Amino acid sequence: MTEKESNRGFWHTIHDANKGYIEEQYRMYLQQSETVQNSVRDLFERYGPPIWTTNQESEHNQDNVSLNTIKKVTKAIRFIDAIRRSGHLAANIYPIQMKQEQDNTLIDEATYGLTVADLKNIPASFIWEESPNHLKTAWDIVKELKQQYSSTISFEYDHVNNEVEKSWLQDQIESGTYKAYLSNDEQKDLLKLLVDVEEFERFLAKTFVAQKRFSIEGLDVLVPMLQYLVQQTLYDNTDNVLIGMAHRGRLNVLTHILDKPFDRLLSEFYHAQGKVLMPSSPTDSTIGWTGDVKYHFGTKRHIENGNNATKVTLGHNPSHLEFVNPVVQGFTRACQDMRYQSGYPIQNQDKACSILIHGDAAFTGQGVVAETLNLSGLTGYQTGGTIHIIANNQIGFTTNYNQSRSTQYPSDLAKGFEIPIIHVNADDPEACLSAMKMAYAYRKKFNKDFLIDLVGYRRYGHNEMDEPRATQPTLYREIDQHPSVTKIYAEKLLDESVIPKSKLSQLQKGASHHFQSIYFNMIQNNNTNQEQNVAPTALKNDLYKSDTAVSFDLLHTLNQESLIRPANFSAFKKIEGIFKRRAQVFEEKQRVDWSSAEFLAFGSILADGISIRLTGQDTERGAFAHRHLVLHDINSEKTYSPLHGLSSSRASFDIHNSPLSEIAALGFEYGYSVQASKTLVIWEAQFGDFMNVGQVMFDEFITAGRAKWGEKSNMVILLPHGYEGQGPDHSSGRLERFLTAAAENNMIIANVTTSAQYFHLLRRQATLLDSDAARPLIVMTPKSLLRHEAITSEVFALSDGEFQTCLEQDVDKGNPKQVKRIVIGTGKVMVDLAELMKEKADNTDYTWLRAIRLEQIYPFHENKIQDLLTDFQNIEEIVWIQEEPENMGAWRFVKDKIHQLLPEKVKLRYVGRCERSSPAEGDLTSHQKEQKRIIQTALELTQSETNSYVSIVK
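Residues numbered from 1 in each chain as written. Predicted model: local features only at pLDDT ≥ 70, side-chain atom pairs only at ≥ 80, totals over all residues. Heavy atoms only, no water.

## Description of the packing of helix H32 (residues 828-839) against helix H35 (residues 924-939)
Okay, step 1: As a packed pair, H32 and H35 sit with axes 10 Å apart at the nearest point and diverge in direction by 65°. Between H32 and H35, the angle falls in the class roughly perpendicular. Classified by chirality, the crossing of H35 by H32 is right-handed. The segment H32 lies against H35, with Lys828, Val829, Asp832, Leu833, Leu836 and Met837 engaging Gln931, Ile935, Gln936, Ala938 and Leu939.
Okay, step 2: The residue makeup of the contact of H32 with H35, split by class, is seven nonpolar, two polar and two charged. (Axes fitted to C-alpha atoms, helices over the stretch in contact; angles between N-to-C directions. Helix = DSSP H or I, 4+ residues; strand = E, 2+ residues; numbered from the N terminus. Parallel < 35°, antiparallel > 145°, perpendicular 65-115°, else oblique. Left-handed = near helix turned anticlockwise from the far one by under 90°. Contact = heavy atoms within 4.5 Å. Nonpolar A, V, L, I, M, F, W, Y, C, P; charged D, E, K, R; others polar.)

See the structure below:
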């Protein structure tokens, strides 16, 4: 080995982490050797210079140049990546410059220690291996990418973690594939549509002065964007396009996208004293009998193109912004699911596409948005991608953006769900169509959500009666001077010689004349002759009796088949034991518990060819470990539902645990039930009081949707309810709130106390599907009573019985003439009452008392109560008993109804908790004491009227 080889071998033993230190010491050694430690100096004297340095000056200079170049190339790569990530910061996306001062240093070459000259000296291939041929240097790349990422359209996708998706997005942007290249004729059509949109708003403003319309002006391009998307879905033979939006721009969308006749819309504006304008087009039969304001209505449109047909639906929406979002998602999933086979439904994501149009303030401010976005990736809720458009006015009513959100953009919320985002200037219509093209292509390829932040402005106030210049004077000075998108686009086409100078004026006059001619040709009539919409007759009538009994043989078969499992499937041993005990019911003539009755109800409904969708919080197992309709293999984590193995099933059974959400989950199921009117849709809360969080869905959609909009739902709501000492938050399903909203037979409210009653109630609800009598069913379900012997039923009650709105309690029945008191109540308290009576039966005479369970509280069955009362000629009082406080529960709903049925001189007495602000006690001992007092008071023969817990209706 030569000395040179020996020296080289030594330096190869130095670890990379130490090379920097050695190199620094060597430079010091060359300059002034005595400054270096003796041991290090000895190394250099023995082995010479480190091999990664050189003794020749020319080589040293050459290495310095190479290192410097590498550093600049590295910086340039960082700079280019920053443009892709942060180019949106410098983009021209604001038509009105109402924005924060933004820090653009991330996309400035100086930030990275570079100059333009540096970038011009770096070959393009060093920075971008597959760069287009026309790009020669890094500076060319910078200019090209800034044009792509920082123009009137910009992109955010760095938060998307899937590399395939990210690469696709980058390629679409940098190749220009995403762009919508319009022919001259298409540009002219786009201009005409923009003119029609603008002139329609102007016509409404002039004709119906100071009437609310929530003008689209400032975001006019939203209409062409929606039109473009609908056309694409028609080409792809998509069956349904489902749209959800709030009120801004809704009238223009209704007329130009949904094809609602202009005369019908104009008739809704006309409010002359004693007069109405009659449209020539037929009245919309989809609206309810009480109606709503014009900017809340939705409608449907059928579009055909050769052999292709698409139905476009705009969902009805209340003033509660964004709450239609999960409803539309429910519509969409219902359109995608095929439910006419056993097992889970078969989903085809290409059959339906959803579009949600959000407000900028509401997208950030309303929690239902985040809840709905969270559904997008969940098996039981995903719809193959939703296209979101934020109609970004940059203001919420009178609140500036910096008062309404903590994020830079309203769209930032979507980043947490890895949704790609486009920001686009609403004054550049072709860029806006390009954004929609890319969104649709992404959804089609990856079946995931995509978001477009359509940045515009609001030409007028929140509504046309509002004056925005009082709160945003500077902003509105700029808006007043800002030309409309129609004028901007017309000037662009004029500059490109696509249209002559007179074209815009011609289009405006033509559109104006069109709207005026429609208006002037409408006939004015006296509104006193107009027929008022009324509720369907089927809702006014009592619920018709339906045969809900199921043959013993079918029940027996269903019960036996609940034990069937796939090959090599091993469920948890304890759970299998539960099913085996259930299977013994028919052989040993045992009684059917709540869960068994539910299983048999579901199985028999599936045998009738009716599909079922059951979701909720911990619903697969049941929050109280009682249902077990999804079993888990202990070895593989595979799952199986016993309802999927039934030989008689002719429809799908769809069951999913929901996310911990009430608003979005409830809205989704409501939408599903409306769209899939032949499916029994059931939502279950973990505890009944969780309905508090879903209150908007109950008030606006479930209880009132049909009266307002003609939207028919037959969904079932299961709310665990009952006072068991679990405190204020796990006791009450807030029965009183549903009873407050109960009117016009808009729903059924029940609190049943036997498994057979539950069985028949579910089956009766299934018979109402897709009929005029359909309506939601609210059920207060048991908790501790789920396993209580007192609520079990004999098998024959399922095979021979029917649902009873009232049940006479099974006690020692003597001569009816001896009865002095009738106790009426609903739910668990009546079971508690029966248990105490049974306990005291050996030494207490109860022939003076009868107890009646009100199983269906609404519709209130007066005739049934009346029939029961006529059997007792000598009663002195009727006692209503409940465990809820006096201002809650059913008391204030039933009080007047029962009072009207009272025989002469018979008193109506209330026994229960006194009025409370909180539903229940937090202390278990206090609860038990109060519960005992209520039951004992109801069973006492005499009672002082001065007791603060007892009230008497005179």
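That was the structure; now back to the text.
## Details of the nonpolar core
Okay, step 1: If you look at the biggest cluster of nonpolar residues, it comprises 132 residues, and the most contacted ones within it are Ile878 and Val894.
Okay, step 2: For Val894, the contacting residues outside a window of four places in its chain are Leu854, Ile857, Phe860 and Trp880.
Okay, step 3: Counting residues in each nonpolar core, the second largest holds 103 residues, with Leu119, Ile122, Leu234 and Ile355 among its members. (Core = buried A, V, L, I, M, F, W, Y, C linked by side-chain atoms within 4.5 Å. Buried < 20%, exposed > 50% of the residue type's maximum accessible area, 1.4 Å probe, protein only.)

## What about the side chain of Ser595?
Okay, step 1: Tracing the backbone through its elements, the reader meets Ser595 in helix H25 (residues 594-607).
Okay, step 2: A polar side-chain atom of Ser595 sits 2.7 Å from the main-chain carbonyl oxygen of His626.
Okay, step 3: Excluding its chain neighbours within four sequence positions, the residues that come into contact with Ser595 are Arg582, His626 and Arg627. (Polar contact = N/O pair within 3.5 Å; in protein donor to acceptor, adjacent residues only side chain to side chain.)

## Describing the sheet that holds strand S1 (residues 153-156)
By definition, the strands of a sheet pair up through backbone hydrogen bonds, in either a parallel or an antiparallel sense.
Okay, step 1: Strand order in this open sheet of eight strands is S1-S12-S13-S9-S8-S2-S5-S4, and the pairing throughout is mixed. The strands lining the two open edges of the sheet, one partner per strand, are S1 and strand S4 (299-305). This sheet shows a mean twist of 20° between the axes of neighbouring strands, independent of strand direction.
Okay, step 2: Examined bridge by bridge, strand S12 (residues 421-425) and strand S13 (residues 450-455) share five bridges and lie parallel to one another. Within the sheet, the bridge partner assigned to His423 lies in S13 and is Asp453.
Okay, step 3: Where helix H17 (residues 429-446) meets the sheet, its contacts fall on S1, strand S8 (352-359), strand S9 (386-392), S12 and S13, and the angle it forms with S13 comes to roughly 170°. (Pairing = 2+ DSSP bridges.)

## Details of the UniProt feature "domain: Transketolase-like pyrimidine-binding" (unreviewed entry) in the chain
Okay, step 1: In this numbering, the UniProt entry assigns the feature "domain: Transketolase-like pyrimidine-binding" (unreviewed entry) to residues 592-788.
Okay, step 2: With 30% helix and 16% strand, the stretch residues 592-788 has end C-alpha atoms that lie 11 Å from each other. (UniProt positions renumbered as here; feature names shortened; annotations may be inferred.)

## Concerning a positive patch on the surface
Okay, step 1: On the surface, Lys574, Arg581, Arg621 and Arg787 cluster together into a patch of positive charge.
Okay, step 2: With respect to the helices and strands, Arg581 occurs in helix H23 (residues 573-583). (Patch = residues over 30% accessible without salt bridge, like charges linked within 9 Å, V, L, I, M, F, W, Y side chains within 5 Å. Areas by Shrake-Rupley, 256 points an atom, 1.4 Å probe, with all protein chains shown as cover. Salt bridge = Lys/Arg side-chain N within 4 Å of Asp/Glu carboxyl O. Lys, Arg positive; Asp, Glu negative; His and termini not counted. Charge placed at Lys NZ, Arg CZ, Asp CG, Glu CD.)

## Section: the pairing of strand S22 (residues 777-781)
Okay, step 1: For S22, the buried fraction is high: five of the five residues fall into the buried class.
Okay, step 2: Because side chains alternate across S22, one face comprises the buried residues Leu777, Val779 and Thr781, and the other comprises Ile778 and Met780, equally buried.
Okay, step 3: Examined bridge by bridge, strand S20 (residues 716-720) and S22 share five bridges and lie parallel to one another. Along S22, the bridge assignment pairs Val716 with Leu777.
Okay, step 4: The sheet contact formed by strand S21 (residues 748-750) and S22 spans three bridges and is parallel. Residue pairing in the sheet places Ile749 in a bridge with Ile778 of S22.
Okay, step 5: Handedness of the β-α-β unit built from S21, helix H30 (residues 755-767) and S22 comes out right-handed. (Right-handed = clockwise from strand over helix to strand, strands pointing away.)

## Notes on the confidence of the model for the chain
Okay, step 1: Considering every residue of the chain, the mean pLDDT works out to 89; 92% of them sit at 70 or more.
Okay, step 2: Note that residues 55-65 has pLDDT below 50 and, in this model, four contacts with residues that lie over four places away or in other chains.
Okay, step 3: Note that residues 943-948 has pLDDT below 50 and, in this model, nine contacts with residues that lie over four places away or in other chains. (pLDDT = per-residue confidence, 0-100.)

## Some remarks on the pattern of salt bridges
Okay, step 1: Counting across every chain of the model gives 40 salt bridges.
Okay, step 2: In this structure, a network of salt bridges that share partners links the residues Asp81, Arg84 and Glu174.

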